[in-house]
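Inside the fold
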Amino acid sequence: MRPASHNGAQDHFEAVIVGSGFGGSVTAYRLAEAGKRVCLLERGKPYPPGSFPRSPLGFSQNFWDPSRGLYGMFNVWNFSGIDALISSGLGGGSLIYANVMIRKDEHWFVHDGGENWPISRADLDPHYDRCESMLGVQKYPLDDEPYASTRKTLAFRDAAQRLGYDWFLPDLAVTFANEGEAPVPGEPIREEHPNLHGRTRYTCRLVGECDVGCNYGSKNSLDYNYLSAAKRHGAELRTCCEVKAFRPRDGGGFEVDYVVHEPGSEGSEPAPATITTDTLVLSAGTLGSTFLLLSNRDAFPSLSPALGTRFCGNGDLLTFALRCREEINSDFGPVITSAIRMGDAADADGSTGRGFYIEDAGYPSFLSWMLQAADEPRALWLWRKAALRILVKWIQRKPQPDVSGAVSSFFGDAALSAGLLPLLGMGRDVPEGRMHLHDGLLDVDWSKDGASKPYFEKLRDTMHALADELGGHFQDNPLWWLSKVITVHALGGCPMGRDPSEGVVDNWGRVFGVPGLYVADGSVMPGPVGPNPSLTIAALADRFADGIIEGRPQP
Ligand SMILES: Cc1cc2nc3c(=O)[nH]c(=O)nc-3n(C[C@H](O)[C@H](O)[C@H](O)COP(=O)(O)OP(=O)(O)OC[C@H]3O[C@@H](n4cnc5c(N)ncnc54)[C@H](O)[C@@H]3O)c2cc1C
Ligand code: SF4
């Protein structure tokens, strides 16, 4: 994927895009399709089907920290009030995301509490249409077997409906069926063009491993659609290339400095390289793009003081329903299959407070084994009891040729893993966080106990009611008691605004005061999306690309 040489200042492009998540992939495709000479720089590796590690050793090395010789996918951030999980690799967050694609609610493009969306649902609808088609969304085929036997979906649906909640099957960027055919697990997927990995993909096999990378290529991650199409249209996709600095170039455009990582050659310094471009699009994600702008601020004195503001975790809250009455078996089916939506005062339909979504969650079956093993002291007690029974019989010299029953009892009733449903909540928290540099490192000031407290309390109460209705025991994520949450949907930092006092970019992604510089990713959100944000990030990038192609003058 990387060119044989990085030609320094000789390398000039019409557009350079930093990062290959939802913002970067959509932008790269749209600009390359429009005939522009495009180069995309992605710090992580490509992940063809079958390359996602599953062994404990593979997992231990699947983190991103080049300073320790780690070039893997998971990038975990720890701030004082919030932890964040993001991904590094060709396809960005799509490699490990749970595939849920929901449009931002029409009435949640609000103008209240300092949150001003300079864009409406009507502005985005044509872009949502385009992105959904390109991402090949399908709903979970709950009417057909074997999907119809997905216990977690049925249990979640029944509990939600008994409580009178609005339950639905969202669009998922997963291929369950070839076009025009009935869904069947494990069928080769028919693709119009070969994908960039040149490998056959298979329809979803329901193994619940979406968050650790799909080894069957069933997820419609960005490498299979936007990035493959961008490459077909001539875009250069350079992986293991991490952008460090950029600055305006004499005569217009930008110089972009990056380093080329060489996974496997630990100890050697990554090689530096520089390219130039007329248009620079930062799509390194909420943390990545904000960090890049903060650390290169001196080169852009006109940057808005709003840089770093409006950070939020999209209201993310992870909790658990434990030991539910019915078996849940969360390791069957994709990680998320269904959702409930709770209204918002902005809906003007009698709803109160701030709205949110709660989704059923799954996890890979190997985690079930780890959970059972961790069910101390219960697991130890069962093992000791069964072993003791065998030992006593042996001492008494009683015949015991068949010990299957005793061995089976080693596993107990497996109630912990069989009856566990993780609940993922997200919604309209208050975007009052601020990102800044501390000793050159990224830091975030944010607390769940600030203005978002009533939102989190309402969301948590609803999750509690769901756990009760499932006949389970409600369990907070342990981080809650450390006054923390973990987000997989970090947003903000380079917010859109109507002018530079309100935002870093305008509603076409153009950085105020810096012609040719754009931001297209989750960082441009001036507040929470509410539902899972990737589709909205993609739709915004699609709109911003229209502006670049049309050559809209910079504000
Ligand atoms: C476990 C999990 C489950 C999720 N499930 C869902 C879901 O179901 N639905 C949904 O909508 N969202 C989901 N998300 C969130 C979703 O993944 C993100 O919102 C989305 O990927 C953000 O897109 P982005 O374009 O802003 O940035 P990203 O997708 O984060 O992409 C940024 C890219 O830039 C690269 N990069 C960063 N810095 C540099 C640099 N200096 N130089 C070069 N490259 C750089 C990164 O490696 C990365 O590839 C999930 C996230 C996680 C972690
Ligand atoms: S459930 Fe398994 S096969 Fe289906 S998309 Fe997720 S990881 Fe891939």
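Residues numbered from 1 in each chain as written. Chains lettered and ligands numbered in written order. Predicted model: local features only at pLDDT ≥ 70, side-chain atom pairs only at ≥ 80, totals over all residues. Heavy atoms only, no water.

1. A short note on the pattern of salt bridges
How we decide: By definition, a salt bridge exists where a carboxyl oxygen of Asp or Glu is found within 4 Å of a side-chain nitrogen of Lys or Arg.
Within this structure, the stated rule accounts for 33 salt bridges. Between R68 and D65 there is a salt bridge, with its nearest N and O atoms 3.3 Å apart. Look at the salt bridges and you will find they share partners, linking R30, E33, R130, D542 and D546 into a network.

2. Regarding the sheet that holds strand β24 (residues 485–487)
The strands making up a sheet associate through backbone hydrogen bonding, with each pair oriented either parallel or antiparallel. Short version of the rule: Note: two strands are recorded as paired if DSSP finds a minimum of 2 bridges between them. Helix numbers and strand numbers start at the N terminus; a helix is a DSSP run of H or I with at least 4 residues, a strand a run of E with at least 2. To get an axis, a line is fitted to the C-alpha atoms, and for a helix only the part in contact is used. The angle between two axes follows their N-to-C directions and goes from 0 to 180 degrees.
Pairing within the open sheet is mixed, and its three strands lie in the order β5-β6-β24. At either margin of the open sheet sits one strand with a lone partner, and together these are β5 (74–78) and β24. Adjacent strand axes in the sheet meet at a mean angle of 20 degrees, parallel and antiparallel pairs treated alike. In terms of strand pairing, β5 meets strand β6 (residues 82–87) through five bridges, oriented antiparallel. Bridge pairing in β6 links N75 to I86.

3. Considering the site of ligand 1
Cut-off, in case you're wondering: Any residue with a heavy atom lying within 4 Å of a molecule or strand is counted as near it. Contacts described as polar in this section are N or O atom pairs within 3.5 Å, which, within protein, must combine one atom able to donate a hydrogen with one able to accept it, while residues neighboring in sequence count only if both atoms come from side chains. Here, Shrake-Rupley sampling with a 1.4 Å probe gives the accessible areas, and only protein chains in the shown set may cover a residue.
Taken together, 36 residues lie around ligand 1, and E42, R43, G93, G522 and S534 are the ones closest in. Here R43 contributes a side-chain N or O atom positioned 2.8 Å from an oxygen atom of ligand 1. One of the backbone nitrogen or oxygen atoms of N99 is found 3.2 Å away from an oxygen atom of ligand 1. Across the complex, the protein chains shield 94% of the 1000 Å² of accessible surface that ligand 1 would expose by itself. At the level of secondary structure, the elements contributing two or more residues to the shell around ligand 1 comprise α1 (22–33), β6, β14 (241–248), α6 (285–295) and α12 (534–550).

4. Some points on the side chain of T150
Stated precisely, the cut-off is as follows: The contact criterion used is simple: two residues touch if any of their non-hydrogen atoms lie within 4.5 Å.
In this fold, T150 is placed in the loop between β10 (138–139) and α4 (151–162). Polar contacts involving the side chain of T150 include one to the side chain of Y140, which spans 2.6 Å. Here the side chain of T150 touches Y147 through a polar contact of 2.4 Å, landing on its backbone oxygen. Setting aside residues up to four positions removed in sequence, T150 forms contacts with Y140 and F332.

Read these as geometric descriptors, not functional statements.
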